[in-house]
Amino acid sequence: MSLRTAPDSFDILLVEDNPGDARLAQEALKEGRMSSRLKVVVDGVEAMTYLRREGPFSDAPIPNLVLLDLNLPRKDGRQVLAEMKADPNLRRIPVVVLTTSQAEQDIMRTYDLHANCYITKPVDLDRFISVVRSIEEYWCSVVTLPPR
């Protein structure tokens, strides 16, 4: 098994129910220096369907990275994270929690569930875009990821 630092295509799954935040993330990645492909799903149930490549997502690429909001409809981000890390087929996918919560209990709980990183969404537009671009650059060009 060989490891790659910079994959030919870098797929990111954004699990975000706020259309404004999803749109900002899309714009930040589109105008960034990397060539990532972003797929957005709006709730935890859809996220798990996507990750398990079921139903309408049977041909979906396995993401290199998941950006996960915590407060989601139908199945919250904590449940998604727990299911991902319990599934041998999904547990190696890095998960960056990107949420508005600054609550210590949320931070502790997500790290207990093996999140790779916890980032509180900046409220400033320019800072939000900068954070998303930094996430992409770090996970796409700095980190060595296992093969998909």
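About the thresholds
Residues numbered from 1 in each chain as written. Predicted model: local features only at pLDDT ≥ 70, side-chain atom pairs only at ≥ 80, totals over all residues. Heavy atoms only, no water. UniProt positions renumbered as here; feature names shortened; annotations may be inferred. Helix = DSSP H or I, 4+ residues; strand = E, 2+ residues; numbered from the N terminus. Contact = heavy atoms within 4.5 Å. Salt bridge = Lys/Arg side-chain N within 4 Å of Asp/Glu carboxyl O. Buried < 20%, exposed > 50% of the residue type's maximum accessible area, 1.4 Å probe, protein only. Arc of directions from axis to C-beta. Polar contact = N/O pair within 3.5 Å; in protein donor to acceptor, adjacent residues only side chain to side chain. Axes fitted to C-alpha atoms, helices over the stretch in contact; angles between N-to-C directions. Parallel < 35°, antiparallel > 145°, perpendicular 65-115°, else oblique. Left-handed = near helix turned anticlockwise from the far one by under 90°. Nonpolar A, V, L, I, M, F, W, Y, C, P; charged D, E, K, R; others polar. Phe/Tyr/Trp six-rings, centres within 6.5 Å; stacked < 30°, edge-to-face > 60°. Pairing = 2+ DSSP bridges.

- Looking up the chain in an unreviewed UniProt entry gives the name Response regulator, with the organism given as Magnetospirillum sulfuroxidans.

Description of the UniProt feature "modified residue: 4-aspartylphosphate" (unreviewed entry) in the chain
Next up, step 1: Mapped onto the present numbering, the UniProt feature "modified residue: 4-aspartylphosphate" (unreviewed entry) falls on Asp 69.
Next up, step 2: Looking at the secondary structure, you find Asp 69 in the loop between β3 (65-68) and α3 (77-86).
Next up, step 3: Setting aside residues no more than four positions away along its own chain, Asp 69 makes contact with Val 15, Glu 16, Asp 17, Gly 77, Leu 98, Thr 99 and Lys 121.

As for the pattern of salt bridges
Next up, step 1: Applying the stated criterion to the full structure yields 11 salt bridges.
Next up, step 2: We note a salt bridge from Arg 52 to Glu 83, for which the minimum N-O separation is 3.3 Å. Here the residue Arg 52 occupies a position in the loop between α2 (44-51) and β3, and Glu 83 occupies one in helix α3, the gap between them amounting to 31 residues.
Next up, step 3: Of the residues examined, Arg 52 reaches a relative accessible area of 37% and is grouped as partly exposed.
Next up, step 4: The network of salt bridges with common partners includes Glu 16, Asp 21, Asp 69 and Lys 121.

Section: α3
Next up, step 1: For α3, the set of buried residues is Gly 77, Arg 78, Val 80, Leu 81, Met 84 and Lys 85. On an axial view of α3, the arc spanned by its buried residues comes to 160°, and they lie on one face.
Next up, step 2: Next to the buried residues of α3 lie α2, β3, β4 (95-99) and α4 (104-112).
Next up, step 3: Where α3 begins, one side-chain oxygen reaches toward the backbone nitrogen of Arg 78, 3.0 Å away; that side chain belongs to Asp 76.

Thoughts on the packing of α2 against α3
To characterise two packed helices, one gives the angle between the axes of the helices and the distance between these axes.
Next up, step 1: The N-to-C vectors of α2 and α3 enclose an angle of 20°; their axes lie 9 Å apart at closest approach. It follows that α2 is roughly parallel to α3 by the angle criterion. Here α2 runs over α3; the crossing is right-handed. Across the interface between the two elements, Gly 44, Ala 47, Met 48 and Leu 51 from α2 touch Val 80, Glu 83 and Met 84 from α3.
Next up, step 2: Along the lines of polarity and charge, the residues of the contact of α2 with α3 split into 5 nonpolar, 1 polar and 1 charged.

Thoughts on the packing of aromatic side chains
Next up, step 1: For the structure on display, the rule yields 2 aromatic pairs.
Next up, step 2: Centroid distance Tyr 138 to Trp 139: 5.3 Å. Interplanar angle 90°. Geometry classified as edge-to-face.
Next up, step 3: Its relative accessible area of 10% is what places Trp 139 among the buried residues.

With respect to unusual backbone geometry
Next up, step 1: Residues other than glycine seldom take positive phi values, yet Arg 53 does so here, at roughly 55°.
Next up, step 2: Mapped onto the fold, Arg 53 is located in the loop between α2 and β3.
Next up, step 3: In this structure, Arg 74 is a non-glycine residue whose phi angle is positive, near 65°.
Next up, step 4: Tracing the sequence through the fold places Arg 74 in the loop between β3 and α3.
Next up, step 5: Residue classification places Arg 74 among the exposed residues on the basis of a relative accessible area of 62%.

Examining the sheet that holds strand β5 (residues 117-120)
Next up, step 1: Spatial strand order, β2-β1-β3-β4-β5: 5 strands in an open sheet with parallel pairing. Each end of this open sheet is capped by a strand with a single partner; those strands are β2 (36-41) and β5. When strand polarity is set aside, the average angle formed by the axes of neighbouring strands in this sheet is 20°.
Next up, step 2: In the sheet, strand β1 (residues 10-15) pairs with β2 via 6 bridges, with the strands oriented parallel. Bridging from a neighbouring strand, Phe 10 pairs with Ser 36 of β2.
Next up, step 3: Its contacts with the sheet place helix α1 (residues 19-30) against β1 and β2, and it is angled at close to 175° to β2.

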